[in-house]
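Commentary on secondary and tertiary structure
Here are the chains, one letter per residue:
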Amino acid sequence: MSNGVPKAALYYYDRSIWSSAPLLALEEKGYGADEVDLKEVDLSKGENFAPSFLRLNPHATVPTLVVPLHNTLEPEIESRYKAIQDTKSIVEFLDKSRSPQSRTHTTSSAPAPALTPATIAFNTASNKVIDLLHSEAADPNAFRYFNARDDAALSALSKEVLPSLIAKKDALNSYIKANETAEVRVSEKTVKFWEAKKLASDGILAVLQYGETPSDQLDSEAQAKRSEYFKVATSAWAGLGEVLLQLHKEFIGPYVLGDQLSLPDLHLAAWLARIVKLAGGTVSDDGDTITKKLEAHIGGSFKLPEDFNVAEARRRAGLPAGSAQPTDSQSRIAAFWDAMKERPSWKKVYADGLH
Ligand SMILES: N[C@@H](CCC(=O)N[C@@H](CS)C(=O)NCC(=O)O)C(=O)O
């Protein structure tokens, strides 16, 4: 609490993709460190399945923003809170809650630019992009678990993700067990949720636990599961090519709605950082490099249209022209990446690399 005023709390995990969108929003909106408490939920240990977190968000996902309700600001009254449980609503809430007119009990005097699009047409375009990025075909968390289409990649992926998958399952088992012996038990619905989460990870665990075994040493059942996994992974990455082309169509450039940063850019920045990382990109790559890496990773003859003038993109993003020739062109994704990378919000959220 500052000034006796109950604070909002953002539950997040710093390796989580969707937590990055509200973290970027806090910076872009100029929130002071005294306005929102950051509370880490370690997903790699399954902390999001703890009964105390499920009371805030029964979907067990971060980000989750817990905000005090307006009529309980007096310090002597025990505060009542509401929890906002999905990225889109959280980012919208953060945008609306700090404006040049609002008095937010803060030490920050940073400007609070409006990020919500100002017209119905732009709002529609913004929602289309945000919905696309949160659609099943674009799910960045699924891509993380399906980022292997051959034995060598599967072996590397198992090494990387198996420990946290196992830790998650162990956490679920221990919550279920603790509940059986507890005096105060969670609801039947919560137990069913835990069981369903365990079941959902079994399929991928069955493949990844043998990820370091060469194909010819697998029994026929494990071999069949591995080929099925490769089929799903191959079709998911081909589908990602479609998502990128769809995005390209909705996108003005260098930001989604033109030369001003707005809500969809925060979702796109978070999403793209993860997808680029999975494609082997790094935080220091420029837009053209990540375009090439994405194209190579998606494979086949996938190509992003390079129809955006580089000098124009840089001018619109307020960047110096650099060495761009008047006829140079790049993909819109590349222009977006180059513009976003220069922003202090991005530099802060991705200071330790892409995630
Ligand atoms: N629809 C949710 C999705 C959020 C989501 O999937 N969050 C991931 C982290 S990026 C999560 O919490 N996963 C839980 C887990 O890994 O068990 C939103 O938009 O906020």
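An unreviewed UniProt entry annotates the protein as GST N-terminal domain-containing protein originating from Steccherinum ochraceum.

Re the pattern of salt bridges
Pairs may arise between side chains of opposite charge once their charged atoms sit close together. Scanning the entire structure with this criterion turns up 22 salt bridges. Of the charged contacts in the structure, one is a salt bridge between arginine 332 and aspartate 307, with a shortest N-O distance of 3.3 Å. Highlighted residues: arginine 332 in helix H12 (residues 332-341) and aspartate 307 in the loop between helix H10 (287-298) and strand S5 (308-309), separated in sequence by 25 residues. By relative accessible area, which is 17% here, arginine 332 ends up buried. The salt bridge involving glutamate 312 is made with arginine 315; its shortest N-O contact spans 3.1 Å. With glutamate 312 and arginine 315 both in helix H11 (residues 310-316) and 3 residues apart, this pair spans about one turn of that helix.

Section: the packing of aromatic side chains
Applying the stated rule across the entire model yields 10 aromatic pairs. Each ring, one from tryptophan 337 and one from tryptophan 346, has its centre 5.1 Å from the other, and the planes form 75 degrees; the classification is edge-to-face. Of the two residues, tryptophan 337 and tryptophan 346, neither departs from the other in class, the shared state being buried.

Notes on helix H3 (residues 87-96)
Among the residues of H3, those classed as buried are Thr87, Ile90, Val91, Leu94 and Asp95. Along the axis of H3, the buried positions cluster into a sector of 135 degrees, meaning they face one direction only. Residues of H3 that are buried in the fold lie against strand S1 (8-12), helix H1 (20-28), strand S3 (64-68), strand S4 (81-84) and helix H9 (263-278).

Considering the site of the ligand
Near the ligand, the surroundings consist of 14 residues, among which Asn48, Thr61, Val62, Thr87 and Lys168 are the closest. Here an oxygen atom of the ligand sits 2.7 Å away from a polar atom, N or O, in the side chain of threonine 87. Between an oxygen atom of the ligand and a side-chain N or O atom of lysine 168, the distance comes to 2.8 Å. In isolation the ligand exposes 510 Å². Once the protein is present, 76% of that is buried.

Parameters and conventions
Residues numbered from 1 in each chain as written. Predicted model: local features only at pLDDT ≥ 70, side-chain atom pairs only at ≥ 80, totals over all residues. Heavy atoms only, no water. Salt bridge = Lys/Arg side-chain N within 4 Å of Asp/Glu carboxyl O. Helix = DSSP H or I, 4+ residues; strand = E, 2+ residues; numbered from the N terminus. Buried < 20%, exposed > 50% of the residue type's maximum accessible area, 1.4 Å probe, protein only. Phe/Tyr/Trp six-rings, centres within 6.5 Å; stacked < 30°, edge-to-face > 60°. Arc of directions from axis to C-beta. Contact = heavy atoms within 4.5 Å. Near = heavy atom within 4 Å. Polar contact = N/O pair within 3.5 Å; in protein donor to acceptor, adjacent residues only side chain to side chain. Areas by Shrake-Rupley, 256 points an atom, 1.4 Å probe, with all protein chains shown as cover.

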